Amino acid sequence: MSVEMKMRELTTVQAAYYVGRQTGQSMGGVAAHIYAEFDGENIDSEKLASAVRKLYINHPMLRMKVTSGGQQTIAPLSSVHQLIIDDIEHLSPSATRDFLIEKRTAITDQKLDLDNGQAAQIGITRHSKVQCRLHIDVDMIAVDAQSFRILIEELAKLY
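Here's what I pulled together on the structure shown here. Just so it is clear, the structure is predicted and the values come from calculations on it, not from any experiment.

### A word on helix α1 (residues 12–21)
For step 1, the next point in the chain: Looking at α1, one finds that the buried residues are Gln14, Tyr18 and Arg21. For α1, the angular spread of the buried residues around the axis is 55°, confining them to a single face. More than 90 degrees from the buried face of α1, the exposed residues found are Thr12 and Val13.

Okay, structure coming up:
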């Protein structure tokens, strides 16, 4: 049986995170996730896209899918498993600031699409000829804090 087809029960912690994502729960409807931003300069988008693709391949839990029956499996690579690139170099400084604030707010409040194997989202916003911001969001149902640190280190090495 291929990796994509194996189903496993959620752990107790994963089940708690999954229940917390559901609307209708007291204080529910919120994803437990880790979101981080990193500002950088002179980042090669193609090189970063390749590193992100390798990260999704090397760490199948970034493609974790949760069924309605509470089973976890690994989704095959798809369009949600790639670097998202926003190029806003043409915006004024104030419009750039507004865009970055709105993007942070949207990602902070989002629930990644676990139904389709999206346990992580990695993007870059190019906001000048040399400056950019890397956005990394992972659902804690698939990645804990220590694993997040490891992923960041590996992404840097792959880049």
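Text resumes after the structure shown.
### Brief notes about the sheet that holds strand β4 (residues 71–74)
For step 1, the next point in the chain: In spatial order, the strands read β1-β4-β3; together these three strands make up an open sheet with antiparallel pairing. At either end of the open sheet lies a strand with only one pairing partner, and these are β1 (8–9) and β3 (64–66).
For step 2, the next point in the chain: When β1 meets β4, the two strands line up antiparallel, connected through two bridges. The residue of β4 that forms the bridge with Glu9 is Gln71.

### Some points on helix α2 (residues 45–58)
For step 1, the next point in the chain: Between the first and last C-alpha of α2 there are 20 Å, a value that for 14 residues agrees with the 20 Å anticipated at 1.5 Å per step.
For step 2, the next point in the chain: Among the residues making up α2, those that are buried are Ser45, Leu48, Ala49, Ala51, Val52, Leu55 and Tyr56. Considered in projection along α2, the buried side chains sweep an arc of 160° and stay on one side of the axis.
For step 3, the next point in the chain: Next to the buried residues of α2 lie β5 (84–87), β6 (120–126), β7 (131–139) and α4 (145–158).
For step 4, the next point in the chain: By the N-cap criterion, in which a side-chain oxygen at the helix start approaches the backbone nitrogen of a residue two or three places on, α2 is capped by Asp44, the distance to Glu46 being 3.0 Å.

### Regarding the pairing of β5
In the case of a regular strand, side chains alternate between the two sheet surfaces.
For step 1, the next point in the chain: By the bridge criterion, four bridges tie β5 to β6 in an arrangement that is parallel. Looking at β6, one finds that Asp87 is bridged to Arg126.
For step 2, the next point in the chain: Taken together, β5, helix α3 (residues 93–109) and β6 form a β-α-β motif whose crossover is right-handed.

### Looking at the pattern of salt bridges
For step 1, the next point in the chain: Per the counting criterion, the structure on display carries seven salt bridges.
For step 2, the next point in the chain: Residue Arg133 is joined to Asp39 by a salt bridge in which the shortest nitrogen-to-oxygen separation is 2.7 Å. In this pair, Arg133 is assigned in strand β7 and Asp39 in strand β2 (residues 33–41), connecting sequence segments 94 residues apart.
For step 3, the next point in the chain: Among the residues examined, Arg133 registers a relative accessible area of 13% and is labelled buried.
For step 4, the next point in the chain: A residue is classified by how much of its surface remains accessible, and Asp39, at 56% relative accessible area, is exposed.

### Details of the nonpolar core
For step 1, the next point in the chain: Core analysis: the largest hydrophobic core is formed by 29 residues, its most contacted members being Leu62, Ile122, Val138 and Leu155.
For step 2, the next point in the chain: Where this core is concerned, the elements lending two or more residues are β2, α2, β3, β6, β7 and α4.
For step 3, the next point in the chain: Among residues more than four places away in sequence, those in contact with Leu155 are Leu48, Ala51, Val52, Leu55, Leu134 and Ile136.

### Points about the packing of aromatic side chains
A ring pair, where both rings are aromatic, is described by two values, the distance of the centres and the angle of the planes.
For step 1, the next point in the chain: The tally for this structure, following the rule as stated, stands at zero aromatic pairs.
For step 2, the next point in the chain: Directly above the ring of Tyr159 sits Lys47, whose terminal nitrogen or CZ lies 4.7 Å from the centroid.

### Quick word on the sheet that holds β2
For step 1, the next point in the chain: Overall, mixed pairing links the four strands, which are arranged β2-β7-β6-β5 in an open sheet. What marks the edges here is a single partner per strand, and that holds for β2 and β5. Averaged over all neighbouring strand pairs, the angle between strand axes comes to 15°, with direction disregarded.
For step 2, the next point in the chain: As defined by bridge partners, β6 adjoins β7 across seven bridges and the pair is classed as antiparallel. The residue bridging Ile124 from the neighbouring strand is Leu134, located in β7.
For step 3, the next point in the chain: Contacts from α2 reach β5, β6 and β7 within the one sheet, and its direction differs from that of β6 by about 175°.
For step 4, the next point in the chain: The strands touched by α4 are β2 and β7; relative to β7, the strand with the most contacts, the crossing angle is about 145°.

The rules we used
- Sequence order as written defines the numbering, with residues in each chain counted from 1.
- In keeping with the model being predicted, local features are shown solely for residues with a pLDDT of at least 70 and side-chain atom pairs are shown and tallied solely at 80 or more, while totals for entire chains, interfaces and linings include all residues.
- Remark: hydrogens and water are excluded; side-chain values derive from all non-hydrogen atoms of the structure.
- Burial classification: accessible surface area is computed with a 1.4 Å probe over protein chains only, and a residue below 20% of its type maximum counts as buried, one above 50% as exposed, and the rest as partly exposed.
- Secondary structure elements follow DSSP: runs of H or I of four or more residues count as helices, runs of E of two or more count as strands, with numbering from the N terminus.
- As used here, the arc belongs to the directions running from the helix axis to the C-beta atoms.
- Only when DSSP finds a minimum of two bridges between them are two strands counted as paired.
- Multiply 1.5 Å by the residue count of a helix minus one, and that product is the helix's expected span.
- Contacts are residue-level and defined by heavy atoms, with any inter-residue pair within 4.5 Å sufficient.
- The term polar contact refers here to a pair of N or O atoms within 3.5 Å; inside protein, the definition further demands a hydrogen-donor-capable atom paired with an acceptor-capable atom, and it admits residues adjacent in sequence only when both atoms are side-chain atoms.
- A crossover counts as right-handed when, viewed with the strands pointing away from the observer, the path leading from the first strand over the helix to the second turns clockwise.
- One speaks of a salt bridge when a side-chain nitrogen belonging to Lys or Arg is within 4 Å of a carboxyl oxygen belonging to Asp or Glu.
- Only buried residues count toward a nonpolar core. Its members are Ala, Val, Leu, Ile, Met, Phe, Trp, Tyr and Cys residues joined through side-chain atoms within 4.5 Å.
- In summary, the pairing rule links any two rings of Phe, Tyr or Trp, Trp by its six-membered ring, whose centres are within 6.5 Å, and it sorts them by plane angle into stacked for under 30 degrees, edge-to-face for over 60 and tilted for everything else.
- Charges are assigned to positions over rings by a cutoff of 6 Å between ring centre and Lys NZ or Arg CZ, combined with an angular limit of 35 degrees from the ring normal.
- The axes used here are C-alpha line fits, helices contributing only the stretch in contact, and every angle between their N-to-C directions lies in the interval 0 to 180 degrees.

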